[in-house]
There are 4 protein chains.
Amino acid sequence: MKHEINLSNIDIHTDLAIDVIDKISSLDGVKQVIRNVDGVSITDVKLEKKNSLNKKEGSYITIEFDDVTDTTNYNKVKNVVKLELNSLMCKMNIKDSDTCLFIGLGNAKSTPDSLGPKVSKDIIVTKHIYDLGDLDSKYRVVSVISPGVSANTGIETSDIVESIVKKIKPNFIIAVDALASGSIDRVNKTIQMTDTGIHPGSGIGNARKEISKSTIGIPVIAIGVPTVVDASVIVADTINYMYKHYAFNKEYSKNPKSKLTFNNVNYLNKNIVINTKDKEDLFGLIGKLNSDEVKILINEVLNPIGYNLMVTPKEIDFVIDRLSTLISCSVNETLHDI
Amino acid sequence: MKHEINLSNIDIHTDLAIDVIDKISSLDGVKQVIRNVDGVSITDVKLEKKNSLNKKEGSYITIEFDDVTDTTNYNKVKNVVKLELNSLMCKMNIKDSDTCLFIGLGNAKSTPDSLGPKVSKDIIVTKHIYDLGDLDSKYRVVSVISPGVSANTGIETSDIVESIVKKIKPNFIIAVDALASGSIDRVNKTIQMTDTGIHPGSGIGNARKEISKSTIGIPVIAIGVPTVVDASVIVADTINYMYKHYAFNKEYSKNPKSKLTFNNVNYLNKNIVINTKDKEDLFGLIGKLNSDEVKILINEVLNPIGYNLMVTPKEIDFVIDRLSTLISCSVNETLHDI
Amino acid sequence: MKHEINLSNIDIHTDLAIDVIDKISSLDGVKQVIRNVDGVSITDVKLEKKNSLNKKEGSYITIEFDDVTDTTNYNKVKNVVKLELNSLMCKMNIKDSDTCLFIGLGNAKSTPDSLGPKVSKDIIVTKHIYDLGDLDSKYRVVSVISPGVSANTGIETSDIVESIVKKIKPNFIIAVDALASGSIDRVNKTIQMTDTGIHPGSGIGNARKEISKSTIGIPVIAIGVPTVVDASVIVADTINYMYKHYAFNKEYSKNPKSKLTFNNVNYLNKNIVINTKDKEDLFGLIGKLNSDEVKILINEVLNPIGYNLMVTPKEIDFVIDRLSTLISCSVNETLHDI
Amino acid sequence: MKHEINLSNIDIHTDLAIDVIDKISSLDGVKQVIRNVDGVSITDVKLEKKNSLNKKEGSYITIEFDDVTDTTNYNKVKNVVKLELNSLMCKMNIKDSDTCLFIGLGNAKSTPDSLGPKVSKDIIVTKHIYDLGDLDSKYRVVSVISPGVSANTGIETSDIVESIVKKIKPNFIIAVDALASGSIDRVNKTIQMTDTGIHPGSGIGNARKEISKSTIGIPVIAIGVPTVVDASVIVADTINYMYKHYAFNKEYSKNPKSKLTFNNVNYLNKNIVINTKDKEDLFGLIGKLNSDEVKILINEVLNPIGYNLMVTPKEIDFVIDRLSTLISCSVNETLHDI
């Protein structure tokens, strides 16, 4: 079936630049720096116009962290997000006097897609006070909309945004949305910031017309958190783990006394080399495919059956609450002098 | 204190034309017809440009009913609302092919103000399907927005509506909002429809820039339900009831054997004449004021203290659910051929 | 009508001991101390078995404060609540090792009644972890229930609580509920703590069987916040303000140059003496009644009409959120060593 | 790896009897009848004490249907559910005069787990009215609780139920909960009714102590709907589809002119024979395992990595609303004579 795979139109559903980078070898037109602040990993990716990711030119900041339901960790991440948002706004020459339109994208009724609306509820809104003329100087002029999703409004979300921007003329936009991830590991454990704009509903809904400087005419900062993965992703990931598990398993079983603990061991932490022979023994023809090809095949297999599935952690409701508080605090403290 | 009352700037807070009509004697420029369909009372008021209500010229249809939590009653009212909405759309020359923007006004988070957002969640949206080109002929092209309230968005609601209308160019608007009533009796028991437009937030929030044909440029049907009354209203109403209660009380006490039942009697149903003497005995100077003057006085008394109170029935949550279902069904069945 | 008033069965709807104290002159069997911590007023009332309030013997701590939507103020109040809860638990000889059942009373669907359920969502629950055997020593064994209201469950709330207590045998109970206030000034600006127990639904619903040491058999700490007032209360309060306003008005009008500012003045701050003559001139027979008698009369007037109204501030949704966070934090920090 | 598979302790996570029946060949102690009413398939399974499913003895009624968001279909299913619930109650000798405690199991905050609490909100509650003595004869005495989940209460859900049953002494229980399914096809498209009781939280949470006649002492009717599948299920299902897709693919590719349509074809509808050779070619060693063995292997692979994932349709929020309305209507119309 290999011949059927067409690498030119690879379409693994992910909204994370870093997912793509992980996958490709050549990095032409890609500048990447990885830092580690207080246990939180930050990857700065700068894409030039021509780049091997076929992604939009611009800056992508990817913040990766562990469970934010842990308070200490929560505070670390919050500070990093605040710092990175601040420096991104500087790079984009956004001034303290610039007015902001905050956009909470997504469907408030669907938990994994409710991040945007949840954050927008906690953003400190000031434009209506400013319009009355008595805004404290430490506050920026900020307005907020939560435009909903096309399936519920019947309107292209980008059309709503564009028309409101025309009317109230903010200097820049910050948009928050839930994203889809290309791998389970990053779900709820990654925040991506970019100056390249955003596609409403790319996470849970169907990707819509983009909201970006080129479409709206003002700078757009997009903050995204992957909250779901496609069914195909989890299948492909699992097949991958099966290779590792198999190899680890073979290795391990040579050592009798380790047998006892076997089932409790997280083999992902181990350093295991998977050779082609193992893959083909275990998975036959499938074993001959690389991980992208597997995903494409899985999509070919699942799409015609018409499933429209998403995979989320069971504790999603709780985690979304924490993440939206984290982001709204970071944004408020960056937009306003509080 | 009478001299301080200035009838020219009477400002009793009500959004119901019928409240004003009840209050005034002269009805120059006011055509009024009252019908009764199946126990539901319908008042058609047609205001000419010059009218003694100082209200906007146009049609006001007021539907008054009892408890909609009773299923039989619910269905009666639903049918009336559907019929009246239909005939209003005819009068306004709205064609089956005309596209509609439905607007759910109000604050989803505040129960008495959540009517608009609640209704909009259940409106059948079709524009996004139509844009893909395969809309069943029995459906009208409908889009829906729930713009939120200025206090949460920082943006004039009418500005949001105006800019979206400019972009997606609907042929007409249906807007639903919670209203304030001038009397307790009408709360949750009245639906007002008008072709004169609406003031977002006039009910619970502060009245904002109007949404009407003159401001937006397309026909606007406003559907409103009074869900709250101002504190001043309930005080004035109660003082009124005290007159009646006092008069009834005097009358009754002459008849000894009725004594027993006294406290269970709803004296409002009784036919009681209140004479000026009684009023002044009971209420002194206050007794000399008419009910408008009392309300003005009460506002004078309460405003400087800075209370911002609303009065609602305790069962408001349940009633709002029923009313929003009633309205969304009526609107769906009127907009679409279902 | 005075003859009709029967002071023995005075029934002004309030759940606040302090409301009653304000009203009565003799304070037999009542020990009262008022402190002021950091701008927050704390009133300790100790009622002996025989007391002129006809209220249950025990301690009532009333914490009065301004707008908790102000962050500085919020923190002040939070610390006071924490301290007072702590000292109340000490007085009741509750040990660090005692297990707690937290009860969030009220109707989650009705905003002013949702305080209890909202707080209970944020209480740190540990019993299920303890039952597995690995609870960190700094945490107390805590379980939480939100039993709902009788109207929705069909079950006496106190029966639910009693039966669960029998089963899981906690050492003490903390119950939070929304209350009704006897005066507008205290709504959302008072927290009452007592060791005398609580009547579920006394605030918005109908008072039900009491939850207290005498009914349940273990110590019960009740924390209540008045979130509504009855319609009769606002009418009576307003009539009272009308007296003051009238007197102030007369006084003021002597001084011509003050005329201009008149309407902006909060006459409540002024020191105004109301004489009987004024009251009777303004309000006739009503003016002859004392404020309790007025409330009783108003109840007599409103009850037969069958209104079931509540009065809340328009910003209730936002304030309830803040108050529930304030209380859940205080309780968590008191129950657990965090 | 085959040697590692131990069929005695097969633990594929499913709460559906029918999932297990599909999987096993021998059906000792299993009586199964399949009917089809108006396009809705109903499977009656009667398990004797000793049965090859290792499941509890009793009746399992499984109702399978298509999308209930289609109104016609919704009504068909509703009627079937009503009829089956009725006949199950008859079989269990539940009399019209028997009092019912309805239990809505699950976590209201987690969409796929919110079915129980959602249904319970719409059950007609009458016990509190009956206790006042004036219940209309057409209504049964019904009370409702929504005990929440152990993770939020700290209390075993079955303990809450047991203690309340002891107190209010209902004659029988109807419990509704969200379940986990062993296959994607059945998610949101199956309703299982049984007289064998239920394990709270078996769907999304961790299975807890059972609620059944043997533990609580009164008849328990459990109504469950699978709303999620485990990650391992979707992987196993997909691998299965890959076989079919591969076989279909080979078959198809012989026929050139069909090439064009290839990708739009739902190969599941086709009649395809998968031979062992194909499986092993495609999947190597994995191809040698049967579907249970694959699931066990996948669990072995995923568990040590510590993922806690669930798979749901993206439209879950909307579907859960419809299903809860369907069930609450069916239950109301069965419990009460309305």
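Student: What's the story with the interface of chain C and chain B in this structure? I'm lost.
Tutor: How large an interface is tends to be reported as the accessible area lost when its parts come together. At the interface, 49 residues of chain C touch 50 residues of chain B. Of the roughly 4,600 Å² buried where chain C meets chain B, counting both sides, 63% is carbon and sulfur surface. Taken together, the connections running from chain C to chain B amount to 4 salt bridges. Applying the counting rule to chain C against chain B returns 7 residue pairs in polar contact (both at pLDDT 80 or more). Contributions of two or more residues to the side of chain C that touches chain B are made by α8 (231–253), α9 (276–283), α10 (291–302), β9 (309–313) and α11 (316–335) of chain C. Tallying contributions element by element places α8(C) first for the side of chain C that touches chain B, with 9 residues. The residue makeup of the side of chain C that touches chain B, split by class, is 28 nonpolar, 10 polar and 11 charged. Pairing analysis gives 5 bridges linking strand β9 (residues 309–313) of chain B to β9(C), with the strands arranged antiparallel. Across the sheet, B:M310 pairs through a bridge with C:T312, a residue of β9(C).

Student: I'm lost on the pairing of strand β7 (residues 190–194) of chain D in this one. Help?
Tutor: Regular strands place their side chains on alternate faces of the sheet. Residues and elements named next belong to chain D. Most of β7 is tucked away, with 5 of its 5 residues classed as buried. The side-chain alternation of β7 yields two buried faces, one formed by T190, Q192 and T194 and the other by I191 and M193. Here 5 bridges tie strand β3 (residues 58–64) to β7, and the two strands are oriented antiparallel to one another. Within β7, the residue paired with I63 across the bridge is I191. In the sheet, β7 pairs with strand β8 (residues 220–230) via 3 bridges, with the strands oriented antiparallel. Within β8, the residue paired with M193 across the bridge is I223.

Student: What exactly am I supposed to notice about the interface of chain B and chain A here?
Tutor: With 23 residues of chain B at the contact, the number on the chain A side is 23 residues. At the surface where chain B touches chain A, the tally comes to 2 salt bridges. Taken together, the connections running from chain B to chain A amount to 6 residue pairs in polar contact (both at pLDDT 80 or more). Top element by residues in the side of chain B that touches chain A is helix α6 (residues 157–168) of chain B. It accounts for 7 residues. Here the residues of the side of chain B that touches chain A sort into 9 nonpolar, 7 polar and 7 charged.

Student: Please explain α10(C) as it appears in this structure.
Tutor: Because an α-helix packs 3.6 residues into every turn, residues spaced three or four apart end up facing the same way. The terminal C-alpha atoms of α10(C) lie 16 Å apart, and with 12 residues this matches the ideal 16 Å at 1.5 Å per residue to within 8%. By the burial criterion, the buried members of α10(C) are C:D292, C:E293, C:V294, C:K295, C:I296, C:L297, C:I298, C:N299, C:E300, C:V301 and C:L302.

Student: Got a minute to help me understand the environment of D:N171 in this structure?
Tutor: Note that D:N171 resides in the loop between α6 (157–168) and β6 (172–181). Here D:T99 takes part through its backbone nitrogen, which lies 2.6 Å from a polar atom of the side chain of D:N171.

Student: So what exactly am I meant to see when it comes to the pattern of salt bridges here?
Tutor: A side chain of one charge can pair with a side chain of the opposite charge when the charged atoms of the two come close. Applying the stated criterion to the full structure yields 74 salt bridges over all chains. Note that A:K78 and A:E333 form a salt bridge whose closest N and O atoms lie 3.1 Å from each other. One end of the pair, A:K78, is in helix α2 (residues 71–91); the other, A:E333, is in helix α11 (residues 316–335), and 255 residues separate them in sequence. Of the residues examined, A:E333 reaches a relative accessible area of 23% and is grouped as partly exposed. A salt bridge links C:K95 to C:D98, with the nearest nitrogen and oxygen atoms 3.5 Å apart.

Student: Would you explain the packing of helix α2 (residues 71–91) of chain C against α11(C) in this entry?
Tutor: The description of two packed helices rests on the angle between their axes and on the distance between the axes. Residues and elements named next belong to chain C. With their axes 9 Å apart at the nearest point, α2 and α11 run at an angle of 40 degrees to one another. Of the possible angle classes, the one that applies to α2 and α11 is oblique. Taken as a pair, α2 and α11 cross one another with a handedness that is right-handed. Contacts between α2 and α11 pair T71, Y74, V77, K78, V81, K82, L85, N86 and M89 from the former with R322, T325, L326, C329, S330, V331, E333, T334 and L335 from the latter.

Definitions and cut-offs
- Residues numbered from 1 in each chain as written.
- Chains lettered and ligands numbered in written order.
- Predicted model: local features only at pLDDT ≥ 70, side-chain atom pairs only at ≥ 80, totals over all residues.
- Heavy atoms only, no water.
- Contact = heavy atoms within 4.5 Å.
- Buried area = accessible area lost by both parts, 1.4 Å probe.
- Salt bridge = Lys/Arg side-chain N within 4 Å of Asp/Glu carboxyl O.
- Polar contact = N/O pair within 3.5 Å; in protein donor to acceptor, adjacent residues only side chain to side chain.
- Helix = DSSP H or I, 4+ residues; strand = E, 2+ residues; numbered from the N terminus.
- Nonpolar A, V, L, I, M, F, W, Y, C, P; charged D, E, K, R; others polar.
- Pairing = 2+ DSSP bridges.
- Buried < 20%, exposed > 50% of the residue type's maximum accessible area, 1.4 Å probe, protein only.
- Expected span 1.5 Å × (residues − 1).
- Axes fitted to C-alpha atoms, helices over the stretch in contact; angles between N-to-C directions.
- Parallel < 35°, antiparallel > 145°, perpendicular 65-115°, else oblique.
- Left-handed = near helix turned anticlockwise from the far one by under 90°.

Interpretation note: all reported values are geometric properties and have no functional meaning in isolation.
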